[in-house]
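Structural overview
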Amino acid sequence: LENKLDKDTCIGVDLGLSIPAVCSVNMGSERLFIGSYDDFIRIRTQMQARKRSLQKSLTLTKGGKGRKKKLKALDRLKDKERNWVKTYNHTLTNRIVKFAVENQASKIKLEFLEGYGEKEPDSFVLRNWSYYEMQTMIEYKAKREGIEIVTIDPYHTSQTCSYCGHYEDGQRLEQSKFQCKNPDCPNKDKKGINKIENADWNASKNIALSDKVVTKRSQCEYYMKKKLEKN
């Protein structure tokens with residue numbers, strides 16, 4: 001059966017630090033938090049530490065059976081690491097596409113992250129995650145469901161209030177917390193104070209709401225500003 005999708009409904013996906021992936025719908029309050037950053041990094045860094053240890057011991061082993069044995073062990077570890085990341089990405093992308101189908105979304109919006117964040121706190125996404133593999137998985141799984149994939153300019157998605165659109169330095173209180181500084185922001189608690197929201201969710205909502213579709217690095221505002229600064 002063909003999915004009943006709404007052309008005006010889309011979901012935004014943010015790859016965060018405190019939570020590996022957060023999904024939001026552009027209309028309504030539906031959201032999905034997927035995975036644990038601590039678990040992801042703990043397992044991945046354990047594998048990388050073992051790999052570094054083997055590589056170091058190889059430099060001290062000149063030849064013979066000992067070296068061949070260590071080389072085989074290193075290859076097995078590399079395969080195990082690749083398989084683990086691939087399995088993790090499959091689990092993640094299955095849930096993202098399922099969430100889109102459940103909310104009848106016709107589009108899934110992802111940040112354009114090629115080279116983005118190289119000197120940012122969230123650069124772990126690029127160091128520890130096969131983002132391209134994940135995006136490819138989402139694309140073919142979404143296509144099977146009749147859902148389109150678009151990439152969004154990542155500039156300020158994590159530092160802008162998704163309720164009122166206000167941008168100001170310091171609104172991201174810490175990695176997992178966001179609080180708008182606009183005194184007129186409608187997102188207030190019972191005492192009239194601006195609510196503290198999950199920062200990754202706020203970013204995913206901004207991605208869902210964004211109309212800044214890009215297909216290459218040169219179209220991203222982040223890079224355009226960097227280029228102007230150099231000139």
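Residues numbered from 1 in each chain as written. Predicted model: local features only at pLDDT ≥ 70, side-chain atom pairs only at ≥ 80, totals over all residues. Heavy atoms only, no water.

1. Overview of the overall build of the chain
Going by this rule: Numbering of helices and strands starts at the N terminus; helices are DSSP runs of H or I of at least 4 residues and strands are runs of E of at least 2. Partly exposed describes any residue whose relative accessible area lies between the buried limit of under 20% and the exposed limit of over 50%, with all areas from a 1.4 Å probe on protein chains only and scaled to the type maximum. By the convention used here, residues are in contact when the closest approach between their heavy atoms is within 4.5 Å. Using a 1.4 Å probe, accessible areas were evaluated by the Shrake-Rupley method; residue-level cover was limited to the displayed protein chains.
Each helix and strand counted, the chain has six helices and eight strands in total. Moving toward the C terminus, one meets the helices and strands of the chain in the order β-β-β-α-α-β-α-α-β-β-β-β-α-α. Residues classed as buried in the chain amount to 44% of the 231 residues present. By sequence separation, contacts in the chain at least 24 residues apart represent 64% of the contacts at least 6 residues apart. Counting every atom, the chain has about 13600 Å² of accessible surface; 49% of that belongs to carbon and sulfur.

2. Focus on helix 5 (residues 199-209)
This is how the line gets drawn: Distance and chemistry together define a polar contact, namely a pair of N or O atoms within 3.5 Å, with one atom able to donate a hydrogen and the other to accept it when in protein, and with adjacent residues in sequence counting only for side-chain atoms on both sides.
The element helix 5 is extensively covered by neighbouring structure, given that 10 of its 11 residues are classed as buried. Within the span of helix 5, buried status applies to Ala199, Asp200, Trp201, Asn202, Ala203, Ser204, Lys205, Asn206, Ile207 and Ala208. The N-cap residue of helix 5 is asparagine 198: its side-chain oxygen and the backbone nitrogen of aspartate 200 are 3.0 Å apart.

3. What to know about the pairing of strand 2 (residues 21-25)
Filter applied, for reference: One requirement defines pairing of two strands: DSSP has to find at least two bridges between them.
Within strand 2, five of the five residues are buried, leaving the element largely enclosed by the surrounding structure. Taking every second residue as pointing to the same face, both faces of strand 2 are buried, with Ala21, Cys23 and Val25 on one and Val22 and Ser24 on the other. Pairing between strand 1 (residues 6-14) and strand 2: four bridges, direction antiparallel. Residue pairing in the sheet places aspartate 14 in a bridge with valine 22 of strand 2. Here four bridges tie strand 2 to strand 3 (residues 31-34), and the two strands are oriented antiparallel to one another. Bridge pairing links alanine 21 to isoleucine 34 in strand 3. Here strand 2 folds back onto strand 3 in antiparallel fashion, the turn holding five residues, of which glycine 28 has a positive phi close to 100°.

4. Comments concerning the environment of leucine 173
Along the chain, leucine 173 turns up in strand 6 (residues 172-174). Considered as a pair, leucine 173 and glutamine 159 are 14 residues apart in the sequence and their alpha carbons are 9.9 Å apart. In this structure, leucine 173 is in contact with Phe178, Gln179 and Ile196, ignoring residues within four places of it in sequence.

5. Description of the pattern of salt bridges
Note the threshold: Any carboxyl oxygen of Asp or Glu within 4 Å of a side-chain nitrogen of Lys or Arg constitutes a salt bridge here.
What the rule picks out here adds up to three salt bridges. Across the salt bridge formed by arginine 172 and aspartate 200, the nearest N and O atoms sit 3.0 Å from each other. Residue arginine 172 is found in strand 6, and its partner aspartate 200 is found in helix 5; the two are separated by 28 residues along the sequence. Its relative accessible area of 1% is what places aspartate 200 among the buried residues. When the shortest N-O distance is used, the salt bridge between glutamate 221 and lysine 212 registers 3.8 Å.

6. A word on the packing of aromatic side chains
Note the following rule: In summary, the pairing rule links any two rings of Phe, Tyr or Trp, Trp by its six-membered ring, whose centres are within 6.5 Å, and it sorts them by plane angle into stacked for under 30 degrees, edge-to-face for over 60 and tilted for everything else. Two limits define a charge over a ring: the Lys NZ or Arg CZ must be within 6 Å of the ring centre, and within 35 degrees of the ring normal.
Counted according to the given criterion, the structure contains two aromatic pairs. For the pair tyrosine 163 and tryptophan 201, a centre-to-centre distance of 5.9 Å together with 50° between the ring planes defines the contact as tilted. Taken together, the positions of tyrosine 163 in the loop between strand 5 (148-152) and strand 6 and tryptophan 201 in helix 5 put the pair 38 residues apart, joining distant regions of the chain. For the cation-ring pair, arginine 31 lies above tryptophan 201, with the distance from its terminal atom to the ring centre recorded as 4.0 Å.

7. Quick look at the sheet that holds strand 5
Put simply, the test is: All axes here are fitted lines through C-alpha atoms, helices being fitted over the stretch that makes contact, and every angle between N-to-C directions spans 0 to 180 degrees.
Spatial strand order, 3-2-1-4-5: five strands in an open sheet with mixed pairing. Among the strands making up the open sheet, the edge pair consists of strand 3 and strand 5. On average, each strand axis in the sheet is tilted by 25° relative to the strand beside it, whichever way the strands run.

8. Thoughts on the sheet that holds strand 7 (residues 177-179)
Strand pairing in a sheet relies on backbone hydrogen bonds. The paired strands run either parallel or antiparallel. One open sheet accounts for three strands, arranged 6-7-8; its pairing is antiparallel. Looking at which strands have only one partner, the edges of the open sheet turn out to be strand 6 and strand 8 (196-198). Within this sheet the neighbouring strands show an average axis-to-axis angle of 40°, counted without direction. Running over the sheet, helix 5 touches strand 6, strand 7 and strand 8 and is turned about 75° from strand 8.

9. What to know about unusual backbone geometry
Phi is positive for glutamine 104, which is not a glycine, with a value near 55°. Checked against the element boundaries, glutamine 104 lands in the loop between helix 2 (65-102) and strand 4 (105-111). Under the relative-accessibility criterion, glutamine 104 is labelled partly exposed at 39%. The backbone of histidine 156 sits at a positive phi, close to 65°, despite the residue not being glycine. Among the secondary structure elements, histidine 156 is positioned in the loop between strand 5 and strand 6.

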